[in-house]
Amino acid sequence: MAASLVSSLTVPLISAVLGGAIALVFLAGYLRRKRAAIAHIPPSATATAADPDQPKHVRPSNQAHHKKGHTRLHHNAADKDAAKKHHHLDVNTLRGHTDSVTALHFSSDGANLATVCADGAVRVFRIDDTSSKSFKILRINLPAGAHPTGVAFSEGSSSVVVAAQALLGSSLYMYADVSAPPPAQNKQQGKLSPPEIKWSHQKIHGKESVINLAAARATHGPGDGSTIIISCSEATDIKVWHGKSGKELGTVDTNQLKNNMADISPNGRFIAAAAFTADVKVWEIVYSKDSSVKEVNKVMQLKGHKSAVTCLCFAPNSEQIITASKDGSIRVWNINVRYHLDEDPKTLRVLPIPLHDSKGSVCQYDHMSISPDGKVLAVTCGSTLQWLCVETGAVLDTAEKAHEGDITGIAWAPQTIPNGGVPAFILGTAGVDKKVKLWLAPQVGST
């Protein structure tokens, strides 16, 4: 009985072993044939990796993959080289900001440059020579929650006035004793104490933000040379302040829906505003015999543009205004007229905006500033910086990517600054890329 049991188990076991061996033989043969077929696929088939009929495990050749990767690396290297390409007018970069730089302003002697940054700090750079490898920096932290939008020096280089936006509205802060001492004096003076707020005003334009600050010394007529500051709101009002005392001297209203920016003439006499409409309104600051501000009156209106004026600036002699409009033109106006006899300001020149976008459309200038000698007009559009000849409108030079992002402000140093020991006119630009750059003025040929 035991023998019959063993016999009944042995036969199925042998059958199973033989069947498994036969199956392994057939599987090995199939795999060899499949491997041989893959090895002999023609090159054209390997290039069609997206072909739905191609087996999923078949990939493009290593040679093609390597070439594609090499091209991509080459392009990246080219992009980096292009980004690092140095413009011949770019002389230095002021670093240390940790967020977008929102505004900048030079002191009257050009030796100090004040900047305000979205990180809530004011920085004053001592610039003895623009080619220096490092600059002394004085940092001032604004009150908590204050986001600076404008800055202007007051009383030469000894104090700065800062406009800042907070939850309840815009404020003005004046910090005294901010001028950084020359390097030779640093060791003698030791550690400097942080500047104090000498005066401040809250909600100066209600809840509206300050677009820009502008400052000038009152040297016209009986003016005593004190600093006059204007704050331009994003609404329609512009306020006039005494830089040292913080006293509000007057308020004007453009009545043009919204302001784009405003400026004050270098002699502290006129205020002009670029706003929503094509006309530019001009006010005069009238000084009393005791040098105090008596009143601020509207005295003239610049008519000629066909669309909104985006930016403007006064000439160094305070007798001309340069405007740029969405109509694609730049106009130079003579405001040295007998307006009290109803004599209108005259258009001296109409120049086409020479900057165009990739589609051929005329660009709109965001900022403009004229050099202290009145020969070079610096203008910006996005990240592009351009220098124009004031007399002819000719393009003197262009930096297409002056910053890695939009340019937020520009300002000329009022006086020449040493550059490698050689006095030069210097332009400062600020950007969202956390940088402030210093540029030489291009050469202007004789006209």
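Conventions we followed
Residues numbered from 1 in each chain as written. Predicted model: local features only at pLDDT ≥ 70, side-chain atom pairs only at ≥ 80, totals over all residues. Heavy atoms only, no water. Helix = DSSP H or I, 4+ residues; strand = E, 2+ residues; numbered from the N terminus. Buried < 20%, exposed > 50% of the residue type's maximum accessible area, 1.4 Å probe, protein only. Contact = heavy atoms within 4.5 Å. Core = buried A, V, L, I, M, F, W, Y, C linked by side-chain atoms within 4.5 Å. Pairing = 2+ DSSP bridges. Axes fitted to C-alpha atoms, helices over the stretch in contact; angles between N-to-C directions. Salt bridge = Lys/Arg side-chain N within 4 Å of Asp/Glu carboxyl O. Polar contact = N/O pair within 3.5 Å; in protein donor to acceptor, adjacent residues only side chain to side chain.

- By the naming in an unreviewed UniProt entry, the chain is Transducin beta-like protein 2, taken from Urochloa decumbens.

Some words on the overall build of the chain
Here's step 1: For the chain, the count of helices and strands is 4 helices and 31 strands.
Here's step 2: Per-residue burial for the chain yields a buried fraction of 47% across its 447 residues.
Here's step 3: Partitioning the intrachain contacts of the chain with sequence separation of at least 6 by distance along the chain shows that 48% fall at a separation of at least 24.

Examining the nonpolar core
Here's step 1: In terms of nonpolar packing, the biggest core is built from 35 residues, with Ile 322, Tyr 365 and Leu 377 touching the most fellow members.
Here's step 2: With 5 residues, strand β19 (residues 309-314) is the largest single contributor of residues to this core.
Here's step 3: Setting aside residues no more than four positions away along its own chain, Ile 322 makes contact with Cys 311, Leu 312, Cys 313, Ile 330, Arg 331, Val 332, Met 368, Ile 370, Leu 377 and Val 390.
Here's step 4: Counting 29 residues, the second largest nonpolar core, distinct from the first, contains Phe 106, Trp 387, Trp 439 and Leu 440.

Brief notes about the pairing of β19
Here's step 1: Burial of β19 is extensive: 6 of the 6 residues sit out of reach of the surface.
Here's step 2: Relative to strand β20 (residues 320-325), β19 is paired through 5 bridges, and the arrangement is antiparallel. What sits directly across from Phe 314, in β20, is Ile 321.

Regarding unusual backbone geometry
Here's step 1: The phi angle at Leu 257 is positive, at roughly 70°, despite the residue not being glycine.
Here's step 2: When you line up the elements, Leu 257 lands in the loop between β14 (248-253) and β15 (259-264).
Here's step 3: Given the relative accessible area of 67%, Leu 257 is considered exposed.

Re the environment of Glu 391
Here's step 1: Structurally, Glu 391 is set in the loop between β25 (384-389) and β26 (395-399).
Here's step 2: Separated by 17 residues in sequence, Glu 391 and Gly 374 have C-alpha atoms that sit 9.1 Å apart.

Here's the deal with the sheet that holds strand β18 (residues 293-302)
Here's step 1: Strand order across the open sheet formed by 4 strands is β15-β16-β17-β18, with antiparallel pairing between neighbours. What marks the edges here is a single partner per strand, and that holds for β15 and β18. Strand-to-strand twist of the sheet, defined as the mean angle between neighbouring strand axes without regard to direction, takes the value 20°.

A look at the environment of Ala 424
Here's step 1: Turning to its location among the elements, Ala 424 is positioned in strand β29 (residues 422-424).
Here's step 2: Sequence-wise, Ala 424 and Asp 129 are 295 residues apart; in three dimensions their C-alpha atoms are separated by 10.0 Å.
Here's step 3: If near-sequence neighbours (up to four positions away) are discounted, Ala 424 is found in contact with Thr 416, Ile 417, Asn 419 and Leu 440.

Here's the deal with the pattern of salt bridges
Here's step 1: Tallied over the entire structure, the rule returns 8 salt bridges.
Here's step 2: With a shortest N-O distance of 3.8 Å, Lys 437 and Asp 90 are connected by a salt bridge. With Lys 437 in strand β31 (residues 436-440) and Asp 90 in strand β1 (residues 90-94), this residue pair connects regions lying 347 residues apart in the sequence.
Here's step 3: Residue classification places Lys 437 among the buried residues on the basis of a relative accessible area of 13%.
Here's step 4: For Asp 90, a relative accessible area of 10% corresponds to the buried category.
Here's step 5: Across the pair Asp 119 and Arg 123 runs a salt bridge, and its minimum N-O distance is 2.8 Å.
Here's step 6: With a relative accessible area of 22%, Asp 119 lands in the partly exposed category.
Here's step 7: Residues joined in a network through salt bridges with shared partners are Arg 338, Glu 343 and Lys 346.

Here's the deal with the pairing of strand β16 (residues 270-275)
Here's step 1: Extensive coverage of β16 is indicated by the burial of 6 of its 6 residues.
Here's step 2: Residues Phe 270, Ala 272 and Ala 274 point to one face of β16 and Ile 271, Ala 273 and Ala 275 to the other, with burial holding for every one of them.
Here's step 3: For β15 and β16, the ladder comprises 5 bridges, and the chain directions are antiparallel. Bridge pairing in β16 places Ile 264 opposite Ile 271.
Here's step 4: Hairpin connection of β15 to β16: 5 residues between the antiparallel strands, including Gly 268 at a positive phi of 75°.
Here's step 5: The pairing of β16 with strand β17 (residues 280-287) spans 4 bridges and is classified as antiparallel. If you follow Phe 270 over to β17, its bridge partner there is Glu 284.
Here's step 6: Hairpin connection from β16 to β17: 4 residues lie between these consecutive antiparallel strands.

What about the sheet that holds β25?
Here's step 1: On the basis of which strands lie adjacent, the open sheet formed by 4 strands has the order β23-β24-β25-β26 and antiparallel pairing. The strands lining the two open edges of the sheet, one partner per strand, are β23 (367-370) and β26. For this sheet, the mean angle separating the axes of adjacent strands, direction not counted, is 15°.

Quick notes on the side chain of Asn 267
Here's step 1: Mapped onto the elements of the fold, Asn 267 is located in the loop between β15 and β16.
Here's step 2: A relative accessible area of 16% places Asn 267 in the buried class.
Here's step 3: Within the structure, the side chain of Asn 267 is placed 3.1 Å from the backbone nitrogen of Arg 269, a separation counted as a polar contact.

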